[in-house]
Amino acid sequence: MARRPLPRILSKDSAQIARTQIARSRELARTAADSATDVLHPLITVTRGLRRLASAGRRKWADTPKDRRGPLLFLVASVVMVVALVPFGPLLAVITVMATAAWHGRERTPPAPEGPDEAQVERLQSLYEALVPYFSSPEDPAPLYAYDGEWEKAFADCEFDDGGRVGHLVIRYPAYFPDGEPEARARIEQLLTAKAGRGREYRFAWDEEANRLTVTALAPLPTDIAAQHFVTTPGETVLGFTDPGEVQRTLPLSYGEEQIDVPPVVWRTGVRSTEPHLLAMGHPGSGVSTLLRTVAVQALRHGDVVIVDGGGTGEYACLTGRDGVLAVECALPGALASLEWATQETERRLIAINLARQAGDPPPADTRRPLWILLDRPSVFTHLAASEGREDPQALLQVPLRHGRAANVTVVVAEQFEAAEALSDAVRQHTRARVVLGTAASRQVEAVLGVPPHTTPLGQVPPGRGYARLGSGPVHRLQVPRTPDPYDDATSDADRAAVLDLLPPRAIAVTAQPPEPTDLTKPTVSAEAVRVETS
């Protein structure tokens, strides 16, 4: 008996051919279904009408009193007998029933109006007239924009939301408009934001080659996604969530009682990262501390964390004494000691990794465990150190910032806009991952991210809302997951339980003095927070 050959694994070309054939088959099936629907449409209409007539007859019979049903049956039988005796009566009766069924079986849904309605036309005409001074020139023999012109020629496509405001608009503009100048673009974007409806974020896409401007109103990002375990690999940190279509990845999340997929902004750290350190800027109450707590909770899953809190408000007291938390410092002496140890630990790791490579061995296990240094408002310590004649704590960050990627050390700095000038040059140069949270002007966002925002900033935004840019990549809208301080009285019970469930268990507390460099490679060592000294 001959054996049948086993099927071969499809090669790349064969798989491509198979996908093409499947696509063609689906297209043929779709075309056949559409053709069959067109051919059978009269039969479908008549069948629907007969069903409606039968339903009407049953309702009429049910509504007729019992004492009148006998005469009604006699009348129907008489009509049927008369029709049967009349020449061509049955044929005429069938034609009449079919026509009645076709009439009652027709689609009764009124067709959607084509084009904008009267109010929408008035809004488009207002937009068109507002753009005339910017997109017109006296020397233009055939102006596209004129005070007595028509908006249909200037607006290639338009869509409206449920509230009657512009949701999507494609604008044609003349070729002589200086669309390469930021000032000219800013004037048009500001005008469209005011005329299309305030209180929303708009994305402006300038196509300089085709002389077209696409305006899109963006939906608000969800603000009620609580902190939870994210499906990520070691070295990946979820900073927040962005618009669908901006990233090529989604994360399954628990959204109340449902499971949804949300596009995240993932920051990759480690030896192969091109953006090993992060800088977050914002105003008070913008959610910068929430971002640091979110990063700390995720970092503790695979590494150790050192926290230096310049605000001294106890935002990170919930992390004190936890497994993997080496120190939570709120005073200048403890901050200097912790950062000095971080510098020595970075140097120790570099030496150990170099010796292992020279011997042809893999790096030691203690050097592969990530070390995170989180600093909240370091400018406060800078001012205190200057007043007491001590070393600036930011000067101790030069070694971790410059050599942290090779030593698996990550630095996250959070500062307020009011103290941005106090940041050291090392922090500015080596923090290539940037985040801006809260209400900020376009120039402030551009000063931090390096490029202006791709949407119009709002006057009022919820906490944790802003922009993120990783290295030289694109700018993303960002909403930080809700990770409040569980010890705050304003935190709800559900949020408090969610954050506490993510924290590792508490370890045995030790003295506030930092351990020796040889002992701090252990992941279970922790330190108690030092209270702020008051005079």
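The structure presented is a predicted model; accordingly, all values stated were derived computationally and were not measured.

Draft legend 1. Spatial organisation of the layout of surface pockets. Size it by volume and the largest pocket reaches roughly 790 Å³. If you tally residues by element for the lining of the largest pocket, the top one is helix 7 (residues 182-196), at seven residues. For the lining of the largest pocket, a count of residues per class yields nine nonpolar, nine polar and six charged. Considered as a void within the structure, the second largest pocket measures approximately 570 Å³ in volume. Considering the residues around the second largest pocket, the lining is formed by 33 residues, among which Gly287, Val288, Ser289, Thr290 and Arg293 are closest to the centre. Within the residue set of the lining of the second largest pocket, elements represented by two or more residues are helix 8 (288-299) and strand 13 (409-416). Among the elements that line the lining of the second largest pocket, the one with the most residues is helix 8, at four residues. When its residues are assigned to classes, the lining of the second largest pocket shows nine nonpolar, 15 polar and nine charged.

Draft legend 2. Seen up close, the pairing of strand 15 (residues 465-470). Across the six residues that make up strand 15, a large majority, five, are buried. Pairing analysis gives five bridges linking strand 14 (residues 433-437) to strand 15, with the strands arranged antiparallel. Following the sheet pairing, Val436 is matched in strand 15 by Tyr467. Across five bridges, strand 15 lies against strand 16 (residues 475-479) in antiparallel orientation. In the strand pairing of strand 16, Ala468 is matched with His476. In textbook terms, the turn of a hairpin is the stretch between consecutive antiparallel strands, and for strand 15 and strand 16 this stretch comprises four residues, one of which, Gly471, has a positive phi near 65°.

Draft legend 3. A look at helix 2 (residues 41-63). The terminal C-alpha atoms of helix 2, which comprises 23 residues, lie 33 Å apart, in line with the 33 Å expected from a rise of 1.5 Å per residue. Contact partners of the buried residues in helix 2: helix 4 (89-104).

Draft legend 4. Local environment of helix 8. The end-to-end C-alpha separation of helix 8 is 16 Å, in line with the 16 Å expected for twelve residues at 1.5 Å each. Counting buried positions along helix 8 gives twelve out of twelve residues, so the element sits mostly inside the fold. Turning to helix 8, its buried residues number three or more, namely Val288, Ser289, Thr290, Leu291, Leu292, Arg293, Thr294, Val295, Ala296, Val297, Gln298 and Ala299.

Draft legend 5. The arrangement of the packing of helix 2 against helix 4 in detail. Their axes nearest at 7 Å, the elements helix 2 and helix 4 cross at an angle of 95°. Judged by the angle between their axes, helix 2 and helix 4 are roughly perpendicular. Each of Thr45, Val46, Gly49, Leu50, Arg52 and Leu53 in helix 2 lies in contact with helix 4, whose residues at this interface are Val97, Met98, Thr100, Ala101, Ala102 and His104.

Draft legend 6. Region of the structure containing the sheet that holds strand 1 (residues 155-160). Taking strand neighbours across the sheet as the criterion, the four strands line up as 1-2-4-3 in an open arrangement whose pairing is antiparallel. The sheet is open, and its two edges are formed by strand 1 and strand 3 (201-207), each paired on a single side. Taking the axes of each pair of neighbouring strands and ignoring which way they run, one obtains an average angle of 10° across the sheet. Its contacts with the sheet put helix 5 (residues 118-135) on strand 1 and strand 2 (166-172), and the angle it makes with strand 1 is roughly 135°. Lying over the sheet, helix 7 contacts strand 2, strand 3 and strand 4 (212-218), oriented at roughly 140° with respect to strand 3.

Draft legend 7. Representation of the packing of helix 9 (residues 332-358) against helix 12 (residues 398-407) within the structure. Running from N to C, helix 9 and helix 12 cross one another at 35°; their axes reach a closest spacing of 9 Å. Here helix 9 runs over helix 12; the crossing is left-handed. Where helix 9 abuts helix 12, its residues Ala342, Thr343, Thr346, Glu347, Arg349, Leu350 and Ile353 lie against Val399, Pro400, His403, Ala406 and Ala407. Considering only residue class, the contact of helix 9 with helix 12 consists of seven nonpolar, three polar and two charged.

Draft legend 8. Up close: the side chain of Asn211. By the element assignment, Asn211 lies in the loop between strand 3 and strand 4. Those residues in contact with Asn211 that lie beyond four places of it in its chain are Ile171, Arg172, Tyr173, Ala175 and Asp179.

Cut-offs applied
- Residues numbered from 1 in each chain as written.
- Predicted model: local features only at pLDDT ≥ 70, side-chain atom pairs only at ≥ 80, totals over all residues.
- Heavy atoms only, no water.
- 1 Å grid on protein atoms, 1.4 Å probe; cavity = no way out; pocket = protein on both sides within 12 Å on 5 of 7 lines; lining within 4 Å.
- Points joined across faces, edges and corners; volume = space filled by probe spheres on them.
- Helix = DSSP H or I, 4+ residues; strand = E, 2+ residues; numbered from the N terminus.
- Nonpolar A, V, L, I, M, F, W, Y, C, P; charged D, E, K, R; others polar.
- Buried < 20%, exposed > 50% of the residue type's maximum accessible area, 1.4 Å probe, protein only.
- Pairing = 2+ DSSP bridges.
- Expected span 1.5 Å × (residues − 1).
- Contact = heavy atoms within 4.5 Å.
- Axes fitted to C-alpha atoms, helices over the stretch in contact; angles between N-to-C directions.
- Parallel < 35°, antiparallel > 145°, perpendicular 65-115°, else oblique.
- Left-handed = near helix turned anticlockwise from the far one by under 90°.

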